Amino acid sequence: MGNVVDRIAQPWGGRTPYDRHGAWPVRVDTYLAGGVRPEAVDQWVRTASILHSDGDAMDVAVRHGQVVGVRGLVTDRVNRGRLGPKDLFGWQANASTDRLTKPLVREDGRLVECDWDTAMSRIVSHSRALLRDQGPGSIGFYTSGQLFLEEYYTLAVLARAGIGTNHLDGNTRLCTSTAAEALKESFGCDGQPGSYDDIDHADVIACFGHNMAETQPVQWMRVLDRLHGDDPPRLVCVDPRPTQVARRATVHLAPRGGTNVALFNALLHEIIRAGHIDGGYIEAHTVGFDELAKAVEECTPRWAADICDVPAARIGEAAELLGTAEALLSTVLQGVYQSHQATAAAVQINNIHLVRGMLGRPGAGVLQMNGQPTAQNTRECGANGDLPGFRNWENDEHVTDLARVWNVDPATIPHYAPPTHAMQMFRYAEQGSIRMLWISGTNPAVSLPDLSRVRAVLSQDRLFTVVQDLFLTETAQLADVVLPAATWGEKKGTFTNADRTVHLSDKAVEPPGEARPDLDIFLDYAARMEFRDKDGGPLIDWTDAESAFEAWKRCSAGRPCDYTGLTYDALSGGSGIQWPCNEQAPDGTDRLYTGGITWARPDECETYGKDLVTGASVSAVEYRSLNPGGKAMLKGVEFLPPHESPSSTYPFQLTSGRTVYHFHTRTKTGRVPQLNTAAPDVWVETAVRDAEAHGLGEGDLVEVTSPRGSMRARVRVTDIRPGLLFVPFHYGYWDTAGGHEPSGTTRGRAANETTITDWDPASKQPVFKTCVAAISLVEKSTGQISAAPTTTASAPARTDTGVPATEGRAAGLAEETTDPYGHGTPGDRL
Ligand SMILES: Nc1nc2c(c(=O)[nH]1)N[C@H]1C(S)=C(S)[C@@H](COP(=O)(O)OP(=O)(O)OC[C@H]3O[C@@H](n4cnc5c(=O)[nH]c(N)nc54)[C@H](O)[C@@H]3O)O[C@H]1N2
Ligand SMILES: Nc1nc2c(c(=O)[nH]1)N[C@H]1C(S)=C(S)[C@@H](COP(=O)(O)OP(=O)(O)OC[C@H]3O[C@@H](n4cnc5c(=O)[nH]c(N)nc54)[C@H](O)[C@@H]3O)O[C@H]1N2
Ligand SMILES: [Mo]
């Protein structure tokens, strides 16, 4: 028996301290609903979390054919038994009574239930007519970072070689396209260099625009456990909000929104000026040092202090920590990827590691993070703007090789232009060249910027929209055909986390009604469309998850993301396994680039790169001359001001993001009592100084307006940087109380009513984190308080405001044990 802990009140649970270079102790977290005892569980089914990119392994408890709880997997390398609040409680959404159970088609303006044959026939006849009349470029697919590897691979083959369209991308464009681009720009190829194990060894851990405490709570537990042990790491945090990471940091920098490049250039300036560089490493493994040094030559801390509104001395302290670390681990996420000059900024973090030789050894690593649980697979399978297996669309040999794998003519695979990115696909749909858009596992009517525009695009009569989801989401309501999907726990497949760890997710229970796995839907479509290879055989000859996985292994062979050494059987063991896994590395690979840079040679690289300011492609010839030996590339970039800056009409900067209790547009977490109650409605965070200046206080209802639109929320006064507003983007117009119908009041609460249609020139990732806004009072609070949690970055600045602490009470209780084998030795180590 372990401790029982309210995991809503204490999202990170209890501490299991450990020392530097030690092994992270185990702690097994279990939540079983409704008083079910472990002995009463019929079956434990292996999977990993699907509500973030951490890849926390767990077993799902099944009783009488229903999921009744979860237990962290003690032997897994990623979490050693721990689970975060969403992992513990989130599975309950699967059993919601409002799951889609039958396909729907639009008849006389209304969505009505039908059978699968009717829905699929309608999609197939539309596809055939469009292919005949307008060609493959009239069909687009917009997918997810939440399906399984087998599903993305199947979709990539059917879209790229079956339909022959270039218009296939994922919501990973909104999420990790900058991570991928930054890795490609620096290392010539995607692939996460670091490992979570680096947390055990680092003496400095730096989080750049990454609220790890809330968005990867289990790795944050690992950091906390080190902070409680001997020789704790020092933390550097770059975030304008008082996140838990910021509160624990030795140095916290809270820059003005959109100024990351100025700040990072100043850090590089100081590191180089102080001589904290590894000349041997630079010489052996990089090109471009002189250009980088020149680019940051003038970028003194004093210069950056004005731009970023951060004290110059503080920048110096951060540079000193980063510059003198023995083993530096950096993580980068949306505060960089969705901010201004995203790729340029993310690349500067790679540069810090390269000039310091901080790569490829324990504790020295970069984690250009992923966000979504399966975003890595979207990228490697080519269901985003890349070809499968990190192949280079501009390299004819790579295209020919892919054509060999698929047994098609190379000309079948569109490679006349870069694969179309999601923002461009919506533009094409707006302009009318895309006439059919198949949306799977994403809710763009809440998650894309500038929602009134997105609704207008999706509502057009001339656009035939297919939406494949679990629920009748804001997006599904605008569709012509809605397909009910089975999800995690109801289907089998694999997925890969942010440190390349592959997990197998088994089927625990039957999906509701007629819902089908996304894989079966894609296979059904491919069969009905009769896609053929060049010998007349079926283009797609696999029939289930495991045969799809085997097909993908053949496609990944010899590529950086080599899966050939993995099998479903091997993945059913005690832990996930990190790719590449092949004959040379049968147990997987913990770190990339341990012996230098591997995939940047001109014939092997995934891309020849881009100009980080304009996005213009570097040509193959230029790449060959700049980087003939395939080293890492140091790329300096000048700071440019954000595209919108505050004015008298819009005096604030506005940013948006997440809270620990909710996932994205809340289709799952909004249906879970513990999570929904912890943060039931939208709020807006504002600084003490700004609240005083505008006469605002806790719970006041305000309108936040930008040049695009407006939204309403109640105020929470926090220690956020002055001049900045923060809104969680989780809340669309679906409401647990209000049901499905868009209502006048709740419709205007999505952060993306206000955000801008703008994207990074290199990664094409939308700029969600930097726009301007005004705030005006709608109604003074008469005792109402905002729905913002108190446990996290949204904690009130003052404790005397009468805001009750966020708690789960009896419903939030979960068990923790550090002695899962009953040896009586707490802290039992792996
Ligand atoms: N609880 C929870 N966890 C999740 C998810 C979720 O929805 N909920 N989603 C998953 C996904 S898909 C993703 S992508 C990740 C995202 O994970 P994170 O990137 O950690 O989350 P965000 O809240 O989007 O943004 C992080 C921080 O960026 C800061 N920021 C804003 N503007 C700037 C800026 O200009 N510069 C800097 N330096 N910082 C800035 C914000 O203050 C915020 O605290 O989380 C994953 N995990
Ligand atoms: N303003 C602002 N906007 C943002 C962000 C931000 O920080 N600020 N962050 C961006 C980021 S990083 C991300 S990742 C996106 C997320 O944006 P979305 O992807 O739109 O968000 P989700 O709510 O996760 O939508 C996933 C959908 O897939 C469905 N689904 C879940 N599992 C399955 C399955 O197995 N099969 C199928 N077919 N469907 C399934 C869910 O019900 C849900 O409707 O939002 C982006 N938008
Ligand atoms: Mo994301």
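Residues numbered from 1 in each chain as written. Chains lettered and ligands numbered in written order. Predicted model: local features only at pLDDT ≥ 70, side-chain atom pairs only at ≥ 80, totals over all residues. Heavy atoms only, no water.

## Regarding the overall build of the chain
Assigned secondary structure in the chain consists of 27 helices and 29 strands. For the chain, the C-alpha radius of gyration of 25 Å lies close to 28 Å, the compact-globule estimate for 830 residues. Its C-alpha atoms give the chain principal-axis dimensions of roughly 70 × 65 × 65 Å. Counting every position in the chain, which comprises 830 residues, the buried fraction comes to 66%. (Helix = DSSP H or I, 4+ residues; strand = E, 2+ residues; numbered from the N terminus. Rg over C-alpha atoms; globule rule 2.2 N^0.38 Å. Buried < 20%, exposed > 50% of the residue type's maximum accessible area, 1.4 Å probe, protein only.)

## Focus: the pattern of salt bridges
A full pass over the atoms with the stated rule returns 57 salt bridges. One salt bridge connects Arg-222 with Asp-197, and the closest N-O pair in it is separated by 3.0 Å. In this pair, Arg-222 sits in helix H7 (residues 217-227) while Asp-197 sits in the loop between helix H4 (177-187) and helix H5 (198-201), placing the two residues 25 residues apart along the sequence. Neither Arg-222 nor Asp-197 differs from the other in exposure class; each is buried. (Salt bridge = Lys/Arg side-chain N within 4 Å of Asp/Glu carboxyl O.)

## Notes on the environment of Arg-528
Residue placement: Arg-528 occurs in helix H21 (residues 518-529). Arg-528 gets classed as partly exposed once you look at its relative accessible area, which sits at 26%. Distance in space between the C-alpha atoms of Arg-528 and Asp-461 is 25 Å, their sequence separation being 67 residues. Leaving out residues up to four positions away in the same chain, Arg-528 has contacts with Asp-117, Met-120, Ser-121, Val-124 and Arg-128. (Contact = heavy atoms within 4.5 Å.)

## Focus on the sheet that holds strand E11 (residues 234-238)
In spatial order, the strands read E12-E11-E10-E14-E15; together these 5 strands make up an open sheet with parallel pairing. In the strand order of this sheet, the two ends are held by strand E12 (251-253) and strand E15 (365-368), each with one partner. Ignoring which end each strand starts from, the neighbouring axes of this sheet average 10° apart. When strand E14 (residues 328-332) meets E15, the two strands line up parallel, connected through 4 bridges. (Pairing = 2+ DSSP bridges. Axes fitted to C-alpha atoms, helices over the stretch in contact; angles between N-to-C directions.)

## Describing the sheet that holds strand E2 (residues 28-32)
Ordered by their spatial adjacency, 6 strands build an open sheet running E1-E29-E2-E5-E4-E3, and the pairing between neighbours is antiparallel. The open sheet has two edge strands, strand E1 (3-6) and strand E3 (43-48), and neither has a second partner. With direction set aside, neighbouring strand axes in the sheet form an average angle of 30°.

## Observations concerning the site of ligand 2
Looking at ligand 2, there are 34 residues lining it, with Gln-146, Asn-171, Ser-447, Asp-469 and Thr-665 nearest. If ligand 2 stood free it would expose 920 Å²; the protein chains cover 99% of that surface. Among the secondary structure elements, those contributing two or more residues to the shell around ligand 2 are strand E17 (464-469) and strand E23 (652-657). (Near = heavy atom within 4 Å. Areas by Shrake-Rupley, 256 points an atom, 1.4 Å probe, with all protein chains shown as cover.)

## What to know about the environment of Val-481
Along the polypeptide, Val-481 turns up in strand E18 (residues 481-484). The spacing of Val-481 and Ala-293 is 188 residues in sequence and 55 Å in space, taken between C-alpha atoms.

## With respect to the packing of helix H9 (residues 260-273) against helix H12 (residues 301-308)
Two elements in contact, H9 and H12, have axes whose closest approach is 9 Å; the angle formed by their N-to-C orientations is 165°. By the criterion of interaxial angle, the relationship of H9 to H12 is roughly antiparallel. The chirality of how H9 crosses H12 is left-handed. Note on element contacts: H12 touches H9 through Pro-301, Trp-303, Ala-304, Ile-307 and Cys-308, opposite Ala-262, Leu-263, Ala-266, His-269 and Glu-270. Classifying every residue of the contact of H9 with H12 by side-chain character gives 8 nonpolar, 1 polar and 1 charged. (Parallel < 35°, antiparallel > 145°, perpendicular 65-115°, else oblique. Left-handed = near helix turned anticlockwise from the far one by under 90°. Nonpolar A, V, L, I, M, F, W, Y, C, P; charged D, E, K, R; others polar.)

## Considerations on the confidence of the model for the chain
Taken residue by residue, the chain gives an average pLDDT of 96. The fraction at 70 or more is 97%. Confidence over residues 740-745 falls short of pLDDT 50; this stretch has 10 contacts with residues more than four positions distant or in other chains. Ignoring residues within four places in sequence, the model shows residues 825-830, a span with pLDDT below 50, making 17 contacts including any to other chains. (pLDDT = per-residue confidence, 0-100.)

## Here we look at the site of ligand 1
As a matter of local geometry, ligand 1 sits amid 32 residues, with Asp-239, Arg-241, Gln-334, Arg-658 and His-662 nearest to it. With respect to ligand 1, the backbone of Asn-211 contributes an N or O atom lying 2.9 Å from an oxygen atom. Notes on ligand 1: free accessible area 910 Å², of which the protein chains cover 99%. Secondary-structure elements contributing two or more residues to the shell around ligand 1 are helix H6 (212-215), helix H14 (334-337) and E23. Split into classes, the residues belonging to the shell around ligand 1 amount to 6 nonpolar, 20 polar and 6 charged. A domain-level breakdown of the shell around ligand 1 finds at least three residues from each of domain 3 (177-369 + 599-633) and domain 4 (652-797). (Polar contact = N/O pair within 3.5 Å; in protein donor to acceptor, adjacent residues only side chain to side chain. Domains from an automatic or database assignment.)

## Topic: the environment of Ala-319
Assignment of secondary structure puts Ala-319 in helix H13 (residues 312-324). Residue classification places Ala-319 among the buried positions, given a relative accessible area of 4%. Between the alpha carbons of Ala-319 and Val-251 there is a distance of 9.8 Å; along the sequence they are 68 residues apart. Discounting residues that sit within four places of it in the chain, Ala-319 has contacts with Leu-267, Glu-270 and Ile-271.

## Regarding the pairing of strand E8 (residues 139-143)
For E8, the buried fraction is high: 5 of the 5 residues fall into the buried class. In this sheet, strand E16 (residues 436-440) lies alongside E8 in parallel orientation, the contact comprising 4 bridges. What sits directly across from Gly-140, in E16, is Leu-437. Pairing between E8 and strand E9 (residues 168-170): 3 bridges, direction parallel. The residue bridging Phe-141 from the neighbouring strand is Leu-168, located in E9. The β-α-β motif built from E8, the intervening helix H3 (residues 149-163) and the parallel element E9 has right-handed crossover chirality. (Right-handed = clockwise from strand over helix to strand, strands pointing away.)

## Quick notes on the nonpolar core
With 92 residues, the main nonpolar core has Phe-208, Trp-220, Phe-264, Leu-267 and Leu-322 as its most contacted residues. Considering each element in turn, this core owes the most residues, 9 residues, to H9. Among the nonpolar cores identified, the runner-up in size contains 68 residues, and Val-105, Ile-163, Leu-519 and Phe-549 belong to it. (Core = buried A, V, L, I, M, F, W, Y, C linked by side-chain atoms within 4.5 Å.)

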